[in-house]
Amino acid sequence: MIRRQRLAAGVCALLAALTAGLAFPTAAAADETEQAAPKVELVLDVSGSMRTRDIDGGTRMAAAKQAFDDVLDATPQDVELGIRTLGANYHGNDRQEGCKDTAQLYPVGPLNRTDAKTAVATLVPTGWTPIGPALLKAADDLDGGDGTRRIVLISDGEDTCQPLDPCEVAREIAAKGIGLTIDTLGLVPDAKTRDQLSCIADATGGTYTSVQHKEELTDRVGQLVHRAADPVVTPVATSGAERCEKAPTLKSGLYTDRVEFGQQRWYRVDVDPGKELRASVSVADDRAVNPSYGVLLRAVTLKGREIVRGEAAGTGRTDAISTGLRYPKAASDDDSAPAETVCLEVTHSFSAPAGVKSTPGLPLELTVDVVDGPAKAHDVAAFGLGRGWWLLGTLVVIGFVAGLLWGWLSRWRVAIWRTN
């Protein structure tokens, strides 16, 4: 009878919990914050070289138009999309004027597919290749808001408007900490074009793709537009200090910063008793560096005593290096015990070859998480054996039984020997 009563009570409790969960789904949904719409701007090279007929028997411009038509048809409704051109309007030979030739063909916002397709259909390969100026303008087009922001640059040649180096432009955009990613696609690229477009993508954490066929171009642009709609965590821009005393205090989250060659960056985190600090850092080489390098992440007290460290080394085979650490703060019986300020120091040993610019610094991404500390084990033995106590007890019992059996067997054999 008692068992039946307990079973009935358990079933009632389970039904009550399920009913409560079903009764308030709208309240839970109302608490969710609405995410800002992702924004994408397609930046298309319309310079004279796009007339070249080497993509599946047609011109590069024809392949780009076909890709745009297909991508515009498949763009998700929640993505705000815009189109910017470079080299589409100036027909002359004045380099200074040609390097200003970038314009927004379709503004970033809710997509009207008919208007966007009509605008793309009117493009005719014309002028220069001002990639740097176009990227600066595209960054302004996407300025504002907290959603995902992505530039997709499609070009068949390197920038013709030096000394405004598009790699330096991309680094400056990344240094602003606005969470903007630049992906690049090279149409039948040569080595110089490939190197430049790769550099632009690396500077902002984007990707570079070499394209030889129409289908490749359509598929890749479509993937990048859809990727913008995926939920992502946008790093918060911060600026580390040269000393812990002046360092910013960080909460749990993802942060981005820049660290120059030979420079230390300091950050602070408050850790309450009973909590555990988990931190990791990644430093990327967005330009040419010497092949041997490393990164060090240290947690120290305000007085300079090291608590724990994490370190990693590389040999030039990767374009980023990461390490992390964990620090559990012991719980306190005093509920009013203050939090401990932990100083995080980031140091790296990247070095630049001769002629490579040192500014802006290398991109740094720091993850901070303060979570509940590890719970006390419920089976820790008094002698510090942890979960090994049961093994020790089993061995003791086996040894005792084995000893009894061996003693009995020995006495039995002695008795038989005396009898014989």
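Structure: see above.
Thresholds applied
Residues numbered from 1 in each chain as written. Predicted model: local features only at pLDDT ≥ 70, side-chain atom pairs only at ≥ 80, totals over all residues. Heavy atoms only, no water. Pairing = 2+ DSSP bridges. Helix = DSSP H or I, 4+ residues; strand = E, 2+ residues; numbered from the N terminus. Axes fitted to C-alpha atoms, helices over the stretch in contact; angles between N-to-C directions. Disulfide = S-S within 2.5 Å. Buried < 20%, exposed > 50% of the residue type's maximum accessible area, 1.4 Å probe, protein only.

Chemist: Sorry, what's going on with the sheet that holds strand S1 (residues 39-45) here?
Modeler: One key point about sheets: their strands pair by backbone hydrogen bonds, in either a parallel or an antiparallel sense. Taken in spatial order, the six strands of this open sheet run S5-S4-S1-S6-S7-S8, and their pairing is mixed. The strands lining the two open edges of the sheet, one partner per strand, are strand S5 (102-109) and strand S8 (208-211). Each strand axis lies, on average, 15° off the axis of its neighbour in the sheet, ignoring direction. When strand S4 (residues 80-86) meets S5, the two strands line up antiparallel, connected through five bridges. Counterpart to Arg 84 in the pairing with S5 is Gln 104.

Chemist: For this particular structure, what's the right way to read the state of the cysteines?
Modeler: Should the sulfur atoms of two cysteines be covalently bonded, the bond is a disulfide. What the rule picks out here adds up to three disulfides. With its sulfur 2.3 Å from that of its partner, Cys 167 forms a disulfide with Cys 199. With a gap of 32 residues between them, Cys 167 in helix H7 (residues 166-175) and Cys 199 in helix H8 (residues 191-203) connect regions that are remote in the sequence. Overall, the relative accessible area of 15% leaves Cys 199 in the buried class. The residue that forms a disulfide with Cys 244 is Cys 343, at a sulfur-sulfur distance of 1.9 Å. Between Cys 244 and Cys 343, the S-S dihedral sits near -70°, and the bridge is therefore left-handed. Linking Cys 244 in the loop between strand S9 (236-237) and strand S10 (253-259) with Cys 343 in strand S16 (residues 340-348), this pair joins segments that are 99 residues apart in sequence. This pair shows no difference in class: Cys 244 is buried, exactly as Cys 343 is. Across the protein chain, the disulfide pattern expressed with sequentially numbered bonded cysteines is 1-2, 3-4, 5-6.

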